[in-house]
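# Coordinate analysis (summary)
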Amino acid sequence: MSKNILAAVAWPYSNSQIHVGNITGAYLPADIFSRYQRLAGNRVIMVSGSDAHGTPVTVRADAEGTTSLQVYYKYHNSFLELFEKLGLCYDLFTSTHTQNHFKVSQSIFLALQHNGYLYVEQQKQWYAPSQERFLPDRYVEGTCYICGYTNARGDQCDRCGSLLDATQLIDPRSKIDGSTPEIRETEHFFLDLGKLQPAIVDFLRQRESYWRPNVMRQSLGQILADALHGRAITRDLDWGIPVPVEGWQGKCLYVWFEAVIGYLSAAIEWAQLEGQPGDWENWWTNPEAKAYYFIGKDNIPFHAVIWPGELAGAGEEFAGIFAGLEGKPLVLPYDVPANEFMNMEGQKISGSRNWAVWGLDFLSRYDPDALRYYLTINMPESKDTDWDWEDFVRRNNDELVATWGNLANRVLAFAYRNWEGRVPEPGDLRPEDLAIIATVEAGFGSVGEHLEGVRLRAALGEALRLAAEANRYLDKAAPWFEIKSDREAASKTIYTALRVIDSLKVLFAPFIPFSSEKLHFYLGYTQPLFGEQYIDTVVDDLGEHRVLRYRAGSASGHWEPSRLPTGQIMQPPGPLFKKLEPTVAAEERARMG
Ligand SMILES: [Zn+2]
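Reference entry: report on the structure contained in this document. (Residues numbered from 1 in each chain as written. Predicted model: local features only at pLDDT ≥ 70, side-chain atom pairs only at ≥ 80, totals over all residues. Heavy atoms only, no water.)

## As for the overall build of the protein chain
Convention followed: For the purposes of this entry, the term helix denotes a DSSP run of H or I that reaches at least four residues, the term strand denotes a run of E that reaches at least two, and both are numbered from the N terminus. The globule rule is 2.2 Å times the number of residues to the power 0.38, and the radius of gyration it is compared with is taken over C-alpha atoms. Type-normalised accessible area, obtained with a 1.4 Å probe on protein chains alone, sets the label of each residue: buried when under 20%, exposed when over 50%, and partly exposed for intermediate values. Contacts are assigned to residue pairs with any non-hydrogen atoms lying within 4.5 Å of each other. Only the protein chains shown count as cover for residues, and all accessible areas are computed by the Shrake-Rupley method using a 1.4 Å probe. In this charge count, Lys and Arg are treated as positive and Asp and Glu as negative; neither His nor the chain ends contribute. Charge coordinates come from a single atom per side chain, which is NZ of Lys, CZ of Arg, CG of Asp or CD of Glu.
Across its full length, the protein chain carries 20 helices and 17 strands. Against the 2.2 N^0.38 benchmark of 25 Å for 593 residues, the protein chain shows a C-alpha radius of gyration of 27 Å, consistent with a compact globule. Within the protein chain, the fraction of its 593 residues that count as buried is 59%. Considering only intrachain contacts with a sequence separation of at least 6, the fraction spanning at least 24 residues in the protein chain is 76%. Entry remark: accessible area of the protein chain is about 23800 Å², with carbon and sulfur atoms responsible for 49%. Across the protein chain, 57 positive and 76 negative side-chain charges occur, with their mean positions spaced 5 Å apart.

Pasting the structure below:
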């Protein structure tokens, strides 16, 4: 039976470019998982978008002397370009700056308020009389009250690393005009996490047996050590979603409160774009649907604690407000397989110091599958990993090119040359032929099981192991000698090897789809394994936003063993991957830092 699977992917802040650490942390795992689930015949929607609001964007706009809207557009468009080139098949990659998202976020807010999970409290905050406005924490600088550093930011000190209480800064000044702010009282809405704690703890306990230990530690573990308390969910800021309450003009929803709501609003927007406006319910109010959240470890509390709290608290009331779906609670996360961090040549990735490999820049010199391969085999699933240029070149050459690419190329080229471009007729297969076919076909179970459990590294490692087995079979049978004395034996070997690479192509397809599609066509198939990405423009009252979409179209791939027909006409084969020169490591290092 086909399952409904929601792949909810972290929303990149639209204030900087995306680097390989971001890609391996959240975006690539979601695509691998979704491609596998599509091949397995399930109904998947993979959704995300640009996080357009909040002070990270306004600060960048001020620094660049432009508007928040322009900053958001610039980075949003670069994300679309990167994700398209990298083959990340979002059913919808949209943005939080849409009329739909405003409406859904405000509806969740009102549902929480109606259900008694919001309260109002006074807070102290810096106010700039010169500008007649409250200053968000990032807009205040001063002396750190812990280490004495004179250029500490309101939210964090860059020297001692401490998270700061902005109101305690010594000698505060406004980042905008240098004026001296004063403390004033301001009112904010708070999410009553204390009241939601029993529901959140229940939710986490039900998932304790299968979640990654680090995710459990940072959610249930933290709550048991230190009970939840209310959290402000509004801000004195004009770039964002207005608080939908009379008398609250000039304040907006805190970016963290509303960005997570994007998982829901994007599904609703997707259904509208598909022309099936009620279809989102199959993922969001269907108790059988499974929702997976692909995020980095820095976002665990927001996805494993606060977002489930928002969903549970909004509950049926939300459905009532938004679509008249009384009696149907919203689907809580099934799994939050958060990744750890990837470092860069032994140091933390730092965008400001250019100590990073940027996605678009990398793809201007290398193929997407080379990146996808390295970021998967080196994925920080259970501990931090390290990007190392020599390791990248070695794995590309020894594993991708030598183990998998050469196997496929040797078989394709030999078959094409000696059987007039057709899949040979083998007659009865020998025990050793049947044995390697069975070994590789068992991969649909073993690789699939790892993929189901979001153990992507192990899944790719298993596919690679099977390719190595197939190499051993081919070396032992040596069809290039067989053909000289016994053409029939050689045709059994080559037919077997073609069947095997045809199956391996599917096992590798979620990870390195571009090369699998190539191989698929070399083997003579005419319909692609996967559908296609495309970019669309959506217009609403807030303006227009470009979105990345995916349509299944004539996709024909299935997570099942090859049934390669004998006699099928093949295409002239070419290489699947490029070997890299050893000098690459030194050249690339020179670009960084
Ligand atoms: Zn400090």
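What follows picks up the thread again.
## Description of the sheet that holds strand 16 (residues 532–540)
Through backbone hydrogen bonds, the strands of a sheet pair up, either in parallel or in antiparallel fashion. Using the following cut-off: Strands pair, by our definition, only if DSSP identifies at least two bridges between them. A fitted line through C-alpha atoms serves as each axis, taken over the contacting stretch for helices, and the angle formed by two N-to-C directions is quoted from 0 to 180°.
A sheet is described by the order of its strands in space; here six strands give the open sequence 13-1-2-3-17-16, paired in mixed fashion. Edge positions in the open sheet fall to strand 13 (290–294) and strand 16, since each of these has one partner strand only. Between one strand and the next, the sheet's axes are offset by a mean angle of 20°, whatever the strand orientation. Here strand 3 (residues 92–95) runs beside strand 17 (residues 543–551); their pairing, made up of two bridges, is antiparallel. The partner of phenylalanine 93 across the bridge, within strand 17, is leucine 548.

## Brief notes about the sheet that holds strand 4 (residues 118–128)
Ordered by their spatial adjacency, four strands build an open sheet running 5-4-9-10, and the pairing between neighbours is antiparallel. Every other strand in the sheet has two partners, leaving strand 5 (133–134) and strand 10 (231–232) as the edge strands with one partner each. Summarising the sheet, strand 9 (residues 182–191) and strand 10 pair through two bridges and their orientation is antiparallel. Among the inter-strand pairings, phenylalanine 190 is bridged to a residue of strand 10, identified as alanine 232.

## Looking at the pairing of strand 3
Residues Leu92 and Thr94 of strand 3 are buried on one face, and the alternating residues Phe93 and Ser95, pointing to the opposite face, are buried as well. Alignment of strand 2 (residues 43–50) against strand 3, held across four bridges, turns out to be parallel. Residue pairing for strand 3: serine 48 is matched across the bridge by phenylalanine 93.

## Some remarks on the coordination of the zinc ion
The condition is simple: Distances decide who is a donor: an N, O or S atom must be within 2.8 Å of the metal, or within 3.2 Å for Na, K and Ca. Water is not included, so sites may look incomplete. Between 85 and 135 degrees for all angles marks four donors as tetrahedral; over 155 degrees for opposite donors together with 65 to 115 for all other angles marks four donors as square planar and six as octahedral; every other arrangement is irregular.
In the first shell of the zinc ion, the protein supplies Cys144 (SG), Cys147 (SG), Cys157 (SG) and Cys160 (SG), at 2.3 to 2.4 Å from the metal. Considering all four donor atoms around the zinc ion, the spread of angles at the metal, 105 to 114°, places the coordination shape in the tetrahedral class. Counting residues between consecutive donors of the zinc ion along the chain gives the motif C-x2-C-x9-C-x2-C. Under the relative-accessibility criterion, cysteine 144 is labelled buried at 2%. Here cysteine 147 falls in the partly exposed class, since its relative accessible area comes to 28%.

## Quick notes on helix 20 (residues 584–591)
We count it as follows: Directions are taken from the helix axis to each C-beta atom, and the arc is the one they span.
Those residues of helix 20 that sit buried are Val584, Ala585 and Glu588. Take helix 20 and look down its axis: the buried residues cluster within an arc of 95°, on one side only. Exposed residues pointing more than 90 degrees away from the buried face of helix 20 are listed as Ala586 and Ala590. Elements in contact with the buried residues of helix 20: helix 13 (389–418).

## Section: helix 12 (residues 368–377)
Of all ten residues in helix 12, ten are buried, a share of seventy percent or more. Taken together, the buried positions of helix 12 are Pro368, Asp369, Ala370, Leu371, Arg372, Tyr373, Tyr374, Leu375, Thr376 and Ile377.

## Some remarks on the pattern of salt bridges
Rules: A pairing counts as a salt bridge when a side-chain nitrogen of Lys or Arg comes within 4 Å of a carboxyl oxygen of Asp or Glu.
In this structure the tally under the stated criterion is 40 salt bridges. In this structure, the salt-bridge partner of glutamate 64 is arginine 60, at a minimum N-O distance of 3.2 Å. In this pair, glutamate 64 and arginine 60 both sit in helix 2 (residues 55–64), four residues apart, roughly one turn of the helix. Its salt-bridge partner being arginine 394, residue aspartate 391 comes within 3.0 Å of it at the nearest N-O pair. Taken together, the residues span about one helical turn, with aspartate 391 and arginine 394 both in helix 13 at a distance of three residues. Judged by its relative accessible area of 38%, arginine 394 is partly exposed. Taken together, the shared-partner salt bridges connect Arg138, Arg153, Asp155 and Asp158 into one network.

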